[in-house]
Amino acid sequence: MPDSPGSARIVAIANQKGGVGKSTTAVSLGAALAEIGYRILVVDLDPQGNASTGMGIRHEQRVVNSYDVIVAETPVAEAIVHSPVPGLDAIPSTIDLAGAEIELVPAFSRENRLRRAVQGVIDDYDYVLIDCPPSLGLLTVNGLSAAEEVLVPIQCEYYALEGLGQLLRNVDLVKRNLNPQLDVTTIVCVMYDARTKLAEQVVKEVREHFGDKVCRTVVPRSVRLSEAPSYGQPIITFDPGSRGATAYRNVAKEISGGALERTW
């Protein structure tokens, strides 16, 4: 839990494998934390903009976006958009971000653009959740450099751990060279299909590797979870009673320690 209200925990949600639920986790976890009283900022660093879409942020609301913040160094406050969920804000993304890695090559201190940007609003939020793209390029490095913690969603399927070693090596590289505070603090097992023995084996293997860093809650594979983004809603509001919503509420409680009681 934050040391003081508004002293944000900055969490990068990263895994270079695509389709493992990073954006779903960023949006659903953000909404679940907002529901229990935390102020959340989701930073969409993926050019696909799935997290922005999943929060109901229309394209006309993305005039100033994460591309402008990182490449043009636009003040971050100008890019923040309020989502329909109270307490849940976003810095949205557009396809423009796809060219950012090339444009940043000659830039000074290119790895720290996002870190410097979020410092301007860190006192306004309890959590900053950074949805990293499915790669280990400069955008992800910016996310890792800005964060204090890394949350890794792991798909409960074959090859789930493939490439995870490379991600951990990159986290260590960023920790040693750019951001000594960085640490992998949370592993969330997602897309769990209770009908298969394989899913059970993957969860067991992940727990053996990472111990207490693995959330007790496992997020199930769910049709409702996959439908929610097309309606521009987090699962928490799209289907509050669904298994997916319940799972992400429990993940939020595990990560935060429970509901926030404000005294002002």
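Residues numbered from 1 in each chain as written. Predicted model: local features only at pLDDT ≥ 70, side-chain atom pairs only at ≥ 80, totals over all residues. Heavy atoms only, no water.

### Some words on the overall build of the protein
Okay, so step 1: Summing up its helical and strand segments, the protein has eleven helices and seven strands in all.
Okay, so step 2: For the protein, the C-alpha radius of gyration of 17 Å lies close to 18 Å, the compact-globule estimate for 264 residues.
Okay, so step 3: Its C-alpha atoms put the protein at 50 × 40 × 35 Å along the principal axes.
Okay, so step 4: Of the contacts formed within the protein by residues at least 6 apart in sequence, a portion of 80% connects residues at least 24 apart.
Okay, so step 5: Carbon and sulfur atoms make up 52% of the accessible area of the protein, which totals about 11,700 Å².
Okay, so step 6: Taking the average place of the 25 positive charges on the side chains of the protein and the average place of its 32 negative ones, the gap between the two points comes to 5 Å. (Helix = DSSP H or I, 4+ residues; strand = E, 2+ residues; numbered from the N terminus. Rg over C-alpha atoms; globule rule 2.2 N^0.38 Å. Contact = heavy atoms within 4.5 Å. Areas by Shrake-Rupley, 256 points an atom, 1.4 Å probe, with all protein chains shown as cover. Lys, Arg positive; Asp, Glu negative; His and termini not counted. Charge placed at Lys NZ, Arg CZ, Asp CG, Glu CD.)

### Points about helix α7 (residues 164–177)
Okay, so step 1: The terminal C-alpha atoms of α7, which comprises 14 residues, lie 20 Å apart, in line with the 20 Å expected from a rise of 1.5 Å per residue.
Okay, so step 2: Among all positions in α7, only L164, L167, N170, V171 and V174 are buried. An end-on view of α7 places all buried positions within 120° of arc, on one side of the element. Opposite the packed face of α7, turned more than 90 degrees from it, sit the exposed residues R169, R176 and N177.
Okay, so step 3: Buried residues in α7 make contact with α6 (138–146), β6 (149–155), β7 (183–190) and α8 (197–210). (Expected span 1.5 Å × (residues − 1). Buried < 20%, exposed > 50% of the residue type's maximum accessible area, 1.4 Å probe, protein only. Arc of directions from axis to C-beta.)

### What to know about the confidence of the model for the protein
Okay, so step 1: Of all residues in the protein, 95% have pLDDT values of 70 or greater, and the mean over the chain is 90.
Okay, so step 2: Overall, residues 1–6 carries pLDDT values under 50, and its contacts beyond four positions in sequence, including any with other chains, amount to 20 contacts. (pLDDT = per-residue confidence, 0-100.)

### Observations concerning a nonpolar patch on the surface
Okay, so step 1: On the surface, a cluster of nonpolar side chains totalling about 350 Å² of accessible area is made up of Y158, Y159 and L198.
Okay, so step 2: Counting through the fold element by element, L198 comes out in helix α8. (Patch = residues over 30% accessible without salt bridge, like charges linked within 9 Å, V, L, I, M, F, W, Y side chains within 5 Å. Salt bridge = Lys/Arg side-chain N within 4 Å of Asp/Glu carboxyl O.)

### Observations concerning the packing of helix α1 (residues 22–35) against helix α11 (residues 243–256)
Okay, so step 1: Between α1 and α11, the shortest axis-to-axis distance is 8 Å and the interhelical angle comes to 70°. With respect to α11, the axis of α1 lies roughly perpendicular. Contacts between α1 and α11 involve T24, T25, S28, L29, A32, L33 and E35 on the former and, on the latter, Y248, R249, V251, A252, I255 and S256.
Okay, so step 2: Each residue belonging to the contact of α1 with α11 can be placed in one class, and the counts come to seven nonpolar, four polar and two charged. (Axes fitted to C-alpha atoms, helices over the stretch in contact; angles between N-to-C directions. Parallel < 35°, antiparallel > 145°, perpendicular 65-115°, else oblique. Nonpolar A, V, L, I, M, F, W, Y, C, P; charged D, E, K, R; others polar.)

### What to know about the environment of I40
Okay, so step 1: By the secondary structure assignment, I40 is in strand β2 (residues 40–44).
Okay, so step 2: Residues I40 and V128 lie 88 residues apart in sequence; the distance between their C-alpha atoms is 6.0 Å.
Okay, so step 3: Ignoring anything within four residues of it in the chain, the contact list for I40 reads G30, L33, A34, G87, L88, D89, Y125, Y127 and L129.

### Here's the deal with the packing of aromatic side chains
Okay, so step 1: The final tally for this structure, using the stated rule, is two aromatic pairs.
Okay, so step 2: A centroid spacing of 5.4 Å and a plane angle of 80° characterise the contact between Y38 and Y127, whose relative ring orientation is edge-to-face. One end of the pair, Y38, is in the loop between α1 and β2; the other, Y127, is in strand β5 (residues 127–131), and 89 residues separate them in sequence. The residues Y38 and Y127 share a single accessibility class, namely buried. (Phe/Tyr/Trp six-rings, centres within 6.5 Å; stacked < 30°, edge-to-face > 60°.)

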